[in-house]
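So the chains spell out like this:
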Amino acid sequence: GHEGGVKARGYIRMHAALPPLLLGDPSAVRRLVLPEQSPMVSPPLAWHKEPGRAPVGGFYHTPSPLMRTLSRRALSRLAEADGAQLRPVFDGLNACAVTGWRVNGRVLALVESVLA
C-alpha cells in the first residue's frame, strides 16, 4: 500500500518451529490440525457486528476473530468501529465463505496418509 507517498512492504515468514514439525514426526502435524476448524458441512455464520462489540462470524462453536492481534488498542478500535464501515469487509468475507469448493482427492489422500 501507499502511505504518505511512501511504498510500504510487508513480508510473511514461516515460523522457525514449523519446518522441523513438517519434516519430522507426522504425529506432530496432527496436533496442528484442529477438527473444529475443518471445512464445514453447513454454511458458516455471516460476519456482522453489534455496536460496542467485536465482529463475529465464521464458525458456529469456535470464536473466530476478524483480526488476529494481541494489540489491545487494535481490538478496542475494532470493537468501537461502526459496523457500516466494516460492511465491505464483511461482504467480501461472506462472499468467500459461501463460494463452493471441491475436494482435491490427491491432496486429501496425501493429508490423510500424513495424519494417519
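Residues numbered from 1 in each chain as written. Predicted model: local features only at pLDDT ≥ 70, side-chain atom pairs only at ≥ 80, totals over all residues. Heavy atoms only, no water.

**Concerning the overall build of the protein chain**
Along the backbone of the protein chain there are 5 helices and 4 strands. Counting all 116 residues of the protein chain, 13% fall into the buried class. Sequence-distant contacts in the protein chain: of pairs separated by 6 or more residues, those separated by 24 or more amount to 41%. Carbon and sulfur atoms make up 61% of the accessible area of the protein chain, which totals about 9,900 Å². (Helix = DSSP H or I, 4+ residues; strand = E, 2+ residues; numbered from the N terminus. Buried < 20%, exposed > 50% of the residue type's maximum accessible area, 1.4 Å probe, protein only. Contact = heavy atoms within 4.5 Å. Areas by Shrake-Rupley, 256 points an atom, 1.4 Å probe, with all protein chains shown as cover.)

**Observations concerning the side chain of N94**
Relative to the elements of secondary structure, N94 occurs in helix α4 (residues 83-97). Those residues in contact with N94, other than ones at most four positions away along the chain, are L45, A46, W47 and R87.

**Comments concerning α4**
At V89, α4 shows its maximal kink, close to 35 degrees. When we look at burial in α4, the residues that qualify are L86, F90 and N94. (Bend = angle between axes of the 7 residues up to and from the residue.)

**With respect to the side chain of S64**
Of note, S64 is situated in the loop between β4 (56-58) and α3 (72-80). Not counting residues within four places of it along the chain, the set of residues in contact with S64 comprises W47, G57, G58 and F59.

Keep in mind these numbers describe shape, not what the thing actually does.
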